[in-house]
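Examining the three-dimensional arrangement
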Amino acid sequence: MLWLDDAGLIRTASGMRPRLAGKTPVETPFVGRFGDYVELGGIRVPGGGEVSWEFPEGPFTYWRGEVVSLVAE
């Protein structure tokens, strides 16, 4: 599922994604949050974001990053 802001920019994306629990894949909710949109090469992209597994005890962020360059092909 996507959540867009008033300008139509993606702010949150969520769904189910498998993760390994031992050697067993387990479908687990995950959420990506994006913001600080910048224009690079004439394209608006999120300047940063993070992706988290959503566990009952709270989120576990497994990726966080920022865009520093863009190559359009």
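Just so you know, these numbers come straight off a predicted model, no measurement behind them.

The helix and strand inventory of the protein stands at zero helices and seven strands. Seen in sequence order, the protein has helices and strands lined up from the N terminus as β-β-β-β-β-β-β. Computed over its C-alpha atoms, the radius of gyration of the protein comes to 15 Å, more than 25% above the 11 Å expected for a compact globule of 73 residues. The principal-axis extent of the C-alpha atoms belonging to the protein is close to 45 × 25 × 20 Å. Counting all 73 residues of the protein, 21% fall into the buried class. When the accessible surface of the protein is split by element, carbon and sulfur atoms take 57% of a total near 5500 Å². Here the protein contributes 7 positive and 10 negative side-chain charges, whose respective centroids are spaced 8 Å apart.

The next subject is a nonpolar patch on the surface. Residues L2, L4 and I10 make up a contiguous nonpolar surface patch of roughly 270 Å² in combined accessible area. Along the chain, the position of I10 falls in strand β2 (residues 10-21). Judged by its relative accessible area of 32%, I10 falls in the partly exposed class.

The residue G49 is located in strand β6 (residues 48-55) in this model. Separated by 21 residues in the primary sequence, G49 and T28 place their C-alpha atoms 19 Å from one another. Setting aside residues up to four positions removed in sequence, G49 forms contacts with R33, F34, W63, R64 and G65.

Turning our attention to the pairing of β6. With six bridges joining them, strand β3 (residues 24-35) and β6 adopt antiparallel strand pairing. Directly across from R33, in β6, lies its bridge partner E50. Here β6 runs beside strand β7 (residues 58-66); their pairing, made up of eight bridges, is antiparallel. Counted as the bridge partner of G49 is G65 from β7.

Rules behind the numbers
Residues numbered from 1 in each chain as written. Predicted model: local features only at pLDDT ≥ 70, side-chain atom pairs only at ≥ 80, totals over all residues. Heavy atoms only, no water. Helix = DSSP H or I, 4+ residues; strand = E, 2+ residues; numbered from the N terminus. Rg over C-alpha atoms; globule rule 2.2 N^0.38 Å. Buried < 20%, exposed > 50% of the residue type's maximum accessible area, 1.4 Å probe, protein only. Areas by Shrake-Rupley, 256 points an atom, 1.4 Å probe, with all protein chains shown as cover. Lys, Arg positive; Asp, Glu negative; His and termini not counted. Charge placed at Lys NZ, Arg CZ, Asp CG, Glu CD. Patch = residues over 30% accessible without salt bridge, like charges linked within 9 Å, V, L, I, M, F, W, Y side chains within 5 Å. Salt bridge = Lys/Arg side-chain N within 4 Å of Asp/Glu carboxyl O. Contact = heavy atoms within 4.5 Å. Pairing = 2+ DSSP bridges.

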